[in-house]
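# Observations on the three-dimensional arrangement
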Amino acid sequence: MSPTRELAVLGLVLASAAIAAPTDPRVALRQRAEGETPLIADTFELCDRVGGRITGTPAIDRAVQWATDKFKAAGVDSVDSESFTVPYLWIPGTVEVAATSPEAFPLRAVAAPGTASTQGPIETKLVDVGSGLAADWARLGTATAGAIALVHSQEMKSFDDLLGEYLRAGPLLKAAAHAQVRGLLLQSTRPRGLLYQHPMVFGRNPATIPVALVSREHAQRLAWLADQTEVRLRMDVVNRIGPMFDAQNVVAEIRGKEKPEEVVVLGAHLDSWALGTGAEDNGVNAALVIDVARAFKELGLQPRRTVRFILFTGEEQWLWGSMGYVERHKAELDRHAAVVIFDLGSGRTRGFFVNGRPELRPVLAKALSIYPGMGAAAHSLEAVDGTDNFDFLLSGVPNFVADQDPAPYLPNYHAESDVPDQVNVKEARRNAGLAATLVWSLANSPAAIPKRQTREQVDALLVKTKLVEQMQGFEQWEDWKAGRRGFPAGP
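A few points on the structure. Nothing here was measured: the structure is a model prediction, and the numbers come from that model. (Residues numbered from 1 in each chain as written. Predicted model: local features only at pLDDT ≥ 70, side-chain atom pairs only at ≥ 80, totals over all residues. Heavy atoms only, no water.)

## Details of the pairing of strand β5 (residues 122–128)
Defined as follows: Should DSSP find at least two bridges between two strands, the strands are regarded as paired. For the purposes of this entry, the term helix denotes a DSSP run of H or I that reaches at least four residues, the term strand denotes a run of E that reaches at least two, and both are numbered from the N terminus. When the strands point away from the viewer, a crossover counts as right-handed if the route from the first strand across the helix to the second turns clockwise.
Pairing geometry for β5 and strand β9 (residues 232–242), over 4 bridges, is antiparallel. Residue pairing for β9: E123 is matched across the bridge by R234. With 3 bridges connecting them, β5 and strand β6 (residues 148–151) associate as parallel partners. If you follow D128 over to β6, its bridge partner there is L150. A crossover links β5 with its parallel partner β6, the connecting element being helix α5 (residues 134–140), and its sense is right-handed.

Next up, the structure:
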């Protein structure tokens, strides 16, 4: 081949490469995420080698170190742990529940987070309180005193069912205390013997009644027996309950090149319950946050604004890590441009919750325009309580929560089955691409993101989005009114 022809061919090759190479960083981020990245390997490593990660245990300390090492290896500009206070320690110990009469058989059971120990074995009669509504307790009158109460449930099939299970916890504990029962047995909402750990308290103090969750089928057997004759049970629950303690969030940064004082947050929670290994909730998304940081560095992308990658802990105990972060950084919240949270497993991201702020929908549509079906209408106005966006919402900071298909998440929620084999690999990679694309767009946009709301605007939003009832059920409302969460209280 002549030198002239070689040069011509080389020119065509270079021109072709230039055409193929994405000029939009969003395209490069998407292509990388949907290829072979460490995302899934990291998920397996976190779940299989660290395991379930309850805040306050050595396992979460190992997870914090694991995440710190991963961020350092990714080449971020800085990474550190930031402490916050958890009001009390609760770690499950041993649970033994068995029928002793009219026949003896063991029950599959686990302790409900935040609830008391029995202080030694108790043996007493069983009372069936149906669904545990006020009328059910009233029907039994004084027969509940000194008994163990069995509470029935419907099988959980939707997020509304899950929310209902959370919201009935407080009233159940109050009714049980008033009825003077010695313990509560809750029927599992999952079929085929599956156990999970469902928090019963959301405030700053543990419950005073021992509560165990029993398999659905064993609860049905107890109910059938109790309908025929008196049933007696033996219950022995030993939990480790302690005073307040300090825990750590992991906070990494890639500094902005033009507006480093402005911050875009990408967050997920690192902690989990420990029946399974916390893959769907929320190991896969902890790995996602790390992988987005890795993607920025691998592709040489430095945004205008600072991107802060945060792995919160204390989330499962009721959002203490994100609350602690907001308190620690309250002086700079005016400079937090946006917060993006992933906490619904590996299901397909269908859009984002904009938490009652319609003006944020066009921001998302523009940022995600390379993804079909991600226009303004894809993003829900619904406001979300129960994950790490919430204290940012109460502080007026624009916040987005990934709206994900619950199919791989709900059946394994807090359960023995929450292991990395359940992760939807294809959708997890797509989610990482969406996260990277959105965060890059928010952090690199020359245009300003809609401003932080005032306390008065947040107050109106809480009413408009009907969050008030949830906050009351989750023991958050009084803290908001008193200025202990979100903005300081007004005069």
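## Examining helix α9 (residues 279–298)
Defined as follows: Only protein chains enter the accessibility calculation, which uses a 1.4 Å probe. A residue is then buried if its area is under 20% of the maximum for its type, exposed if over 50%, and partly exposed in between.
For α9, the tally of buried residues reaches 18 of 20 residues, placing the bulk of the element in the interior. After α9 finishes, the residue G300 shows a positive phi value of roughly 70 degrees.

## Considerations on unusual backbone geometry
In this structure, the amide linkage connecting S101 to the following residue, P102, adopts the cis form with an omega of 10 degrees. Summarising the element assignment, P102 is placed in the loop between β2 (89–101) and β3 (105–107). Of note, the bond from D281 into N282 is cis; its omega dihedral lies within 30 degrees of zero at 15 degrees. The residue N282 is located in helix α9 in this model.

## A closer look at the pattern of salt bridges
For clarity, the threshold we go by: Should a side-chain nitrogen of Lys or Arg be within 4 Å of a carboxyl oxygen of Asp or Glu, the pair is scored as a salt bridge.
All chains considered together, the criterion is met by 30 salt bridges. A salt bridge links R32 to E298; its shortest N-O distance comes to 2.8 Å. You can see R32 sitting in helix α2 (residues 25–33) and its partner E298 sitting in helix α9, a full 266 residues away along the chain. Here R32 falls in the buried class, since its relative accessible area comes to 14%. Between R255 and E253 there is a salt bridge whose closest N-O contact spans 3.8 Å. Here E253 falls in the buried class, since its relative accessible area comes to 12%. Residues joined by salt bridges that share partners form a network here, namely R32, D42, E45, K70, D291, R294 and E298.

## Focus: the sheet that holds strand β14 (residues 349–353)
Which entries qualify depends on this criterion: To define axes, lines are fitted to C-alpha atoms, for helices over the stretch in contact only, and angles between the resulting N-to-C directions are given on a 0 to 180 degree scale. Residue contacts follow a heavy-atom distance rule, with two residues in contact if any of their heavy atoms lie within 4.5 Å.
As summarised here, the arrangement of the 7 strands in space is β1-β10-β12-β11-β13-β15-β14, forming an open sheet in which the pairing is mixed. Single-partner strands in this sheet number two, and they are β1 (78–86) and β14. Ignoring which end each strand starts from, the neighbouring axes of this sheet average 25 degrees apart. In the sheet, strand β13 (residues 336–341) pairs with strand β15 (residues 399–404) via 3 bridges, with the strands oriented parallel. Following the sheet pairing, I341 is matched in β15 by V401. Packing against the sheet, α9 makes contact with β10 (245–254), β11 (259–269), β12 (305–312) and β15, and its axis sits at approximately 150 degrees to β11. The sheet strands contacting helix α10 (residues 320–328) are β1, β10, β11, β12 and β13, and the helix crosses β1 at an angle near 105 degrees.

## With respect to the packing of helix α4 (residues 58–74) against α9
Here is the rule: Just so you know how the angles are binned, under 35 degrees is roughly parallel, over 145 roughly antiparallel, 65 to 115 roughly perpendicular, and the rest oblique. For any helix crossing, the convention is left-handed if the near helix is rotated counterclockwise from the far helix by under a right angle, and right-handed if that rotation is clockwise. Residue classes follow a fixed rule: Ala, Val, Leu, Ile, Met, Phe, Trp, Tyr, Cys and Pro count as nonpolar, while Asp, Glu, Lys and Arg count as charged, and any other residue, Gly among them, counts as polar.
Between α4 and α9, whose axes approach to 9 Å, the crossing angle comes to 15 degrees. Overall, the two elements α4 and α9 adopt an arrangement that is roughly parallel. Here α4 and α9 pass one another in a crossing that is right-handed. Touching W66, A67, K70, F71 and A74 of α4 are V289, I290, A293, R294 and K297, all from α9. Its residues assigned to classes, the contact of α4 with α9 shows 7 nonpolar, no polar and 3 charged.

## Some remarks on the packing of aromatic side chains
Where we set the bar: Aromatic rings from Phe, Tyr and Trp, taking only the six-membered ring of Trp, are treated as a pair when their centres fall within 6.5 Å; an angle between ring planes under 30 degrees marks them as stacked, one over 60 as edge-to-face, and anything in between as tilted. Placement of a positive charge over a ring is assigned whenever Lys NZ or Arg CZ falls within 6 Å of the ring centre and within 35 degrees of the normal to the ring plane.
If you walk through the whole model with that rule in mind, you get 15 aromatic pairs. With 5.8 Å between their ring centres and 45 degrees between their planes, Y166 and F202 make a pair best called tilted. Taken as a pair, Y166 in helix α6 (residues 159–167) and F202 in the loop between β7 (183–187) and β8 (211–214) lie far apart in primary sequence, 36 residues in all. With respect to class, Y166 is no different from F202; both count as buried. Sitting over the face of the ring of Y196, R190 holds its NZ or CZ atom 4.0 Å from the ring centroid. A cation sits over an aromatic face here: R221 above F105, 3.6 Å from the ring centre.

## With respect to the sheet that holds β2
Taken in spatial order, the 8 strands make up an open sheet running β3-β2-β9-β5-β6-β7-β8-β4, and their pairing is mixed. Each edge of the sheet is formed by a strand with only one pairing partner; in this case those strands are β3 and β4 (109–111). On average, adjacent strands in this sheet sit at an angle of 30 degrees to one another, irrespective of strand direction. Contacting β6, β7 and β8, helix α7 (residues 169–179) runs over the sheet at an angle of about 145 degrees to β7.

It is worth stressing that arrangement in space is one thing and function is another; only the former is reported here.
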